Amino acid sequence: MNGGTLYNGGTNDVGGAIKLTGNASASLTGVLISDCWSDKARTYQNEGGAIYMSGSASAELKDCAIRNCHAGDYGGAVYMEDEGNRLTCENVAVLNCKADDNYGGGVYQDEGETNWIGGTIANCRAGEYGGGFYQRYGKVYMQNVSFEENSTTYDGGAFYLDA
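Criteria and cut-off values
Residues numbered from 1 in each chain as written. Predicted model: local features only at pLDDT ≥ 70, side-chain atom pairs only at ≥ 80, totals over all residues. Heavy atoms only, no water. Helix = DSSP H or I, 4+ residues; strand = E, 2+ residues; numbered from the N terminus. Buried < 20%, exposed > 50% of the residue type's maximum accessible area, 1.4 Å probe, protein only. Lys, Arg positive; Asp, Glu negative; His and termini not counted. Salt bridge = Lys/Arg side-chain N within 4 Å of Asp/Glu carboxyl O. Polar contact = N/O pair within 3.5 Å; in protein donor to acceptor, adjacent residues only side chain to side chain. Contact = heavy atoms within 4.5 Å. Pairing = 2+ DSSP bridges. Axes fitted to C-alpha atoms, helices over the stretch in contact; angles between N-to-C directions.

### Topic: the side chain of E47
Topologically, E47 is positioned in the loop between β5 (37-38) and β6 (51-53). As a buried residue without a salt bridge, E47 has its nearest oppositely charged side chain in K19, at a separation of 8.8 Å. Engagement of the side chain of E47 in a polar contact is seen with the side chain of Y79, the distance being 3.5 Å. Those residues in contact with E47, other than ones at most four positions away along the chain, are D13, V14, G15, S38, Y52, A71, Y74, Y79 and E81.

Below is the structure:
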């Protein structure tokens with residue numbers, strides 16, 4: 001997707017705006033994802049207020065913003081759960097996102113790989129750990145990414161690493 005807005009998308013399951021499973025991939029350039037949510041579970045957990053990834057899914061975001069998104073449980077903006085997941089971000093802003101009850105107000109990563117160059121994770125909140133970014137296993141490479149005003153009830157206001 002080149003340009004445009006994904007606005008006010010929601011689900012009672014996972015992936016408020018985008019759900020990527022198996023070998024699915026998405027490439028977004030100059031896209032705004034705003035006011036999306038994954039909440040009020042009919043299932044066990046609500047994950048990925050904007051983007052949910054599992055299996056060997058990959059997402060590439062360039063010059064994008066994700067703002068005002070929330071998940072009832074994990075990954076207010078982005079949720080990744082498998083070793084095969086790949087998230088690539090270039091000049092991406094994650095703003096005002098939250099994981100209401102658990103981890104990763106901005107991004108929740110359980111395995112997989114994140115490569116992020118330039119951008120901001122700001123004003124994100126997690127109910128427990130990792131206000132900006134929560135990582136459990138996997139790899140994270142970041143360069144020139146600023147973390148500003150992120151918070152959590154317990155530990156890791158900006159970044160929580162649980163390996």
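### Considerations on the pairing of strand β14 (residues 113-122)
When you tally the buried positions in β14, you get seven out of ten residues, the bulk of the element. The sheet contact formed by strand β11 (residues 86-95) and β14 spans nine bridges and is parallel. By the bridge assignment for β14, L87 is matched with T114. Strand direction decides the pairing type here: β14 and strand β17 (residues 139-148), joined by nine bridges, are parallel.

### Here we look at the sheet that holds strand β10 (residues 78-80)
Strand order across the open sheet formed by six strands is β3-β6-β10-β13-β16-β19, with parallel pairing between neighbours. With partners counted over all chains shown, the strands left at the sheet margins are β3 (18-20) and β19 (159-161), one partner each. Within the sheet, the average angular offset between the axes of one strand and its neighbour, ignoring direction, is 5 degrees. When β6 meets β10, the two strands line up parallel, connected through three bridges. From the neighbouring strand, I51 faces β10, where its bridge partner is V78.

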